[in-house]
Amino acid sequence: MGLIVRTPWSRIGEIIASETALTALRLSLVVATAAAAISLVLGFPIAWALARAEFRGKTFVRTLVVLPLVMPPVVAGVGLLAAFGRRGVVGSWLYEAFGVQVTFTTGAAVLAATFVSLPLAVLVLEVGLRGLDDRLEDAASTLGASRAYTLRRVVLPLMGSQIAAALVLAWARALGEFGATITFAGNLQGRTQTLPLAVFERLQTDPEAAFAVSMLLIGLAFVVILGLRGRFLR
Amino acid sequence: MTLAVDLTTRRGTFAVEAGFEAPAGSTTALLGPNGSGKSTIVSSIAGLVPPEVGTVVLDGTVLDGPASGVYVPPERRPIGVVFQDLLLFPHLSALENVAFPLRARGVRRAEANERSDRLLRRLEVGERADARPRDLSGGEAQRVALARALVAEPSLLLLDEPLSALDVGTRARVRDVVRDELERFGGVRILVTHDPVEASTLAERLVILENGRVTQIGTPEEIRSAPRSRYAADLVGVNAVRGVLEPLGEGTGRLIANEGELVVPWPEWYEAGEVIALVRPVDVTLWPHRPEGSARNVLRGRVTSVAVDGERARVRLASTPPLVAEVTLGSVERLGLRAGTDVWASFKAVEVELLRP
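A quick note: this is a predicted structure, and the numbers were derived from the prediction, not measured.

What counts and how
Residues numbered from 1 in each chain as written. Chains lettered and ligands numbered in written order. Predicted model: local features only at pLDDT ≥ 70, side-chain atom pairs only at ≥ 80, totals over all residues. Helix = DSSP H or I, 4+ residues; strand = E, 2+ residues; numbered from the N terminus. Buried ≥ 20, exposed ≤ 12 C-beta atoms within 10 Å, placed from the backbone. Contact = placed C-beta atoms within 7 Å. Rg over C-alpha atoms; globule rule 2.2 N^0.38 Å. Nonpolar A, V, L, I, M, F, W, Y, C, P; charged D, E, K, R; others polar. pLDDT = per-residue confidence, 0-100. Axes fitted to C-alpha atoms, helices over the stretch in contact; angles between N-to-C directions. Parallel < 35°, antiparallel > 145°, perpendicular 65-115°, else oblique. Left-handed = near helix turned anticlockwise from the far one by under 90°. Core = buried A, V, L, I, M, F, W, Y, C linked by C-beta atoms within 7 Å. Pairing = 2+ DSSP bridges. Domains from an automatic or database assignment.

Further remarks concern the overall build of chain A. In terms of regular secondary structure, chain A is built from 13 helices and zero strands. Summarising its shape, the C-alpha atoms of chain A cover approximately 65 × 45 × 25 Å along the three principal directions. Burial statistics for chain A: of 234 residues in total, 42% are counted as buried. Sequence-distant contacts, at least 24 apart, represent 75% of the contacts inside chain A between residues at least 6 apart.

Here is the structure:
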């Protein structure tokens, strides 16, 4: 409410149409979409293992998966920095072997967003898989279907709405990601400055513009969640 | 061609041990009460639950042999299964369900659809090809599931309680379809059921299972003449009355037998001659005095014996015709049933099943 009152409605068009805001918007859409897609692709096998397989340390794995949900995103950013930073465990090897630097790239922003949106995707998909009668998969195998065929023709089609829900929730979470991104990817306009980061920067120079960009972010999330129509509750 | 099963499968603390052979060209029924291990054996033969020890051999091919490390996964076994709850794919049409096994094996869509369509029409559900499973009636869904199990021409057909989910009226019609398909199918046929009527009308050989063990194997006649367990004796204790029919109108008829008369549903196929009427003991209700209500068969008789088995009792009546009723222990007490008590028995006409002799 406060935001609606404080938003400079007369200037909103101009602020949103400004070069920096548009760049941030475009980048945000790219990063959130990539993060949501990666979350789905990585999340499905994890959710599958958690829902269907029996293995030692399952509780531990689930805890590990859910952890980024409850941990402050800044800590996630610090963790990613320790792993993929230039002097990080994986990062230093990548840099020396391939000359690849992850930090301060759009890739880093995607990585940071994926890190926080993956748990949501896994949780939604796991619930969906648990709701699916696994005897349908048994039936498919007695009908001569391989695992891959069963996945393609039976499991995925029946999981349609959960997959959509996982995608949208992961996307929305990635869209709003701030802490991990600014810590790990930095705040470089056009490369890692997504909308939330733009809001943060504007707040220090032009608070009114920050309010306007915030409205844009809220509007975007609102439309997407509205489009989902509570499908993740089913 | 034959199926040879000799295995021990464990589910939790419950171990199922079964050894039997089923030749091709005839139907073998696995008959046992709920919880006797029938479904576990079905799962093992289908490859869904590998046995702990023992072997499953079909036509000389070892499907399961844990001792030699052999395990053929379900999708590579030439077995068609009709599951108790059918497990039709809810997002696919009847035709797509039937075509599924062919498509999974790489048959082109046009050919798969054509073969599936032909089979659906043979099973008299051709006009429902485009319907989703939730829009099919129980009998239609059963036929679609049967078609799906048959379409890829397996060498073993496994039917798990194929008629149990159907209402009485539909059951008789679907049973005829199932019987025709079983007769047409040249491979090994296994029927799993807890219903002795189903077993003895569809199968030539019975394998009786109790508490995870095979207690008797034989033809229905062999088991009838020499039942080796109380369960087997009870199983064959279905009331069967043989006689001729005369029409009563409104879809019913009178069965006239030497030992008495019954009101039965009029079978569309009846022309002349004798039929067998079957009455399940659980369908017979006992009363202390003449019952009021819609049941068309009301008989009076003296109790000749009361056999208690667990929570239930089988009561023999010297009525015309003589009957066996299965009632709860509560009813036995309430009615004060013992040999010599006079009681009334009733059951509905639609609960009588008619068979060609």
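Attention now moves to the overall build of chain B. Counting secondary structure elements, chain B contains nine helices and 21 strands. For 357 residues, the compact-globule formula gives about 21 Å, and the C-alpha radius of gyration of chain B, at 22 Å, lands near that figure. For the C-alpha atoms alone, the extent of chain B along its principal axes is close to 65 × 45 × 35 Å. Residue pairs at least 24 apart in sequence account for 64% of intrachain contacts in chain B once pairs closer than 6 positions are excluded.

Turning our attention to the interface of chain A and chain B. With 14 residues of chain A in contact, the opposing surface of chain B contributes 16 residues. Considering every element that reaches the side of chain A that touches chain B, the biggest residue donor is helix H8 (residues 134-142) of chain A, with six residues. Residue classes in the side of chain A that touches chain B are distributed as eight nonpolar, four polar and two charged.

Moving on, we come to the confidence of the model for chain B. Here chain B shows a mean pLDDT of 88. Residues at 70 or above account for 97%. The element-level mean pLDDT for chain B is lowest in helix H8 (residues 230-235) of chain B, coming to 69, with helix H2 (residues 94-104) of chain B highest at 96.

What follows concerns unusual backbone geometry. All names here are of chain B. Of the consecutive residues Thr320 and Pro321, the connecting peptide bond is found in the cis state with omega at 0°. When you line up the elements, Pro321 lands in the loop between strand E18 (312-317) and strand E19 (323-328). For Glu124, which is not glycine, the phi torsion reads 65° and is therefore positive. With respect to the helices and strands, the residue Glu124 is situated in the loop between helix H3 (109-122) and helix H4 (138-150).

Residue and element names in this part refer to chain A. Taken N-terminus to C-terminus, the directions of helix H3 (residues 19-52) and helix H7 (residues 106-130) make an angle of 40°; their axes are 6 Å apart at the nearest point. With respect to each other, H3 and H7 are oriented oblique. Crossing hand, H3 versus H7: right-handed. Among the residues making up the contact of H3 with H7, the classes are represented as 22 nonpolar, five polar and three charged.

All names here are of chain B. One can find Ala349 in the loop between strand E20 (342-347) and strand E21 (353-355). Placed 106 residues apart in sequence, Ala349 and Gly243 show a C-alpha to C-alpha distance of 15 Å. The contacts of Ala349, once residues within four sequence positions are left out, are Thr252, Val263, Val264, Pro265, Arg296 and Asn297.

Residues and elements named next belong to chain B. The topology assignment puts Ala339 in the loop between helix H9 (329-335) and E20. Residue classification places Ala339 among the exposed residues on the basis of 11 C-beta atoms within 10 Å. Between the C-alpha atom of Ala339 and that of Leu317, which follows or precedes it by 22 residues, the distance is 9.1 Å. Excluding its chain neighbours within four sequence positions, the residues that come into contact with Ala339 are Val303, Thr304, Ser305 and Val306.

So, on to the nonpolar core. Formed by 76 residues in total, the largest nonpolar core has its most connected members in Ala29, Val98, Val144, Ala147 and Leu158 of chain B. Apart from the residues lying within four places of it in its own chain, the contact partners of Val144 of chain B are Leu88, Ala94, Asn97, Val98, Val125 and Leu136 of chain B. In terms of nonpolar packing, the next biggest core, distinct from the first, is built from 60 residues, Phe84, Phe184, Ala210 and Met215 of chain A among them.

Residue and element names in this part refer to chain B. The antiparallel open sheet is built from five strands, whose spatial order is E16-E20-E17-E18-E19. Lying at the two open borders of the sheet, with one neighbouring strand each, are strand E16 (285-287) and E19. Strand after strand, the sheet turns through a mean of 45° between neighbouring axes, direction not considered. Of the strand pairs in this sheet, E18 and E19 are connected by six bridges, and their pairing is antiparallel. Among the inter-strand pairings, Ala313 is bridged to a residue of E19, identified as Val327.

Moving on, we get to the domain arrangement of chain B. All names here are of chain B. Domain annotation of chain B identifies domain 1 (2-235) and domain 2 (239-355). Taking only C-alpha atoms, the centre of domain 1 and the centre of domain 2 are 32 Å apart. When residues in the side of domain 1 that touches domain 2 are grouped by element, the largest group, three residues, is from helix H5 (residues 168-184). Looking at the side of domain 1 that touches domain 2, its residues break down into three nonpolar, two polar and two charged.

A separate point is the environment of Val332 of chain B. All names here are of chain B. If you trace the backbone, Val332 turns up in helix H9. Given 19 C-beta atoms within 10 Å, Val332 falls into the partly exposed group. When the C-alpha atoms of Val332 and Leu30 are compared, they prove to be 31 Å apart, with 302 residues separating the residues in sequence. Ignoring any residue separated from it by four or fewer positions in sequence, one finds Val332 in contact with Val306, Ala313, Val327 and Leu337.

To continue, consider the pairing of strand E3 (residues 27-31) of chain B. Residue and element names in this part refer to chain B. With five of its five residues buried, E3 lies for the most part within the structure. Alternating positions in E3 separate into two faces, Thr27, Ala29 and Leu31 on one and Thr28 and Leu30 on the other, with burial throughout. Of the pairings in the sheet, the one linking E3 to strand E9 (residues 188-193) comprises five bridges and is parallel in character. By the bridge assignment for E9, Ala29 is matched with Leu191.

This part covers the pairing of strand E13 (residues 252-257) of chain B. All names here are of chain B. With five bridges connecting them, strand E12 (residues 239-249) and E13 associate as antiparallel partners. Within the sheet, the bridge partner assigned to Glu246 lies in E13 and is Arg254. Counting the residues that bridge the hairpin from E12 to E13 gives two residues, and of these Glu250 lies at a positive phi of roughly 55°. The loop that links E13 with its antiparallel partner strand E14 (residues 260-265) comprises two residues.

This part is about the sheet that holds E14 of chain B. All names here are of chain B. Read from one edge to the other, the open sheet built from five strands follows the order E14-E13-E12-E15-E21, with strand pairing classed as antiparallel. Looking along the sheet, the strands with just one partner apiece sit at the ends: E14 and E21. Within this sheet the neighbouring strands show an average axis-to-axis angle of 45°, counted without direction. When E12 meets strand E15 (residues 274-279), the two strands line up antiparallel, connected through six bridges. Paired with Val244 across the two strands is Glu274, which belongs to E15.

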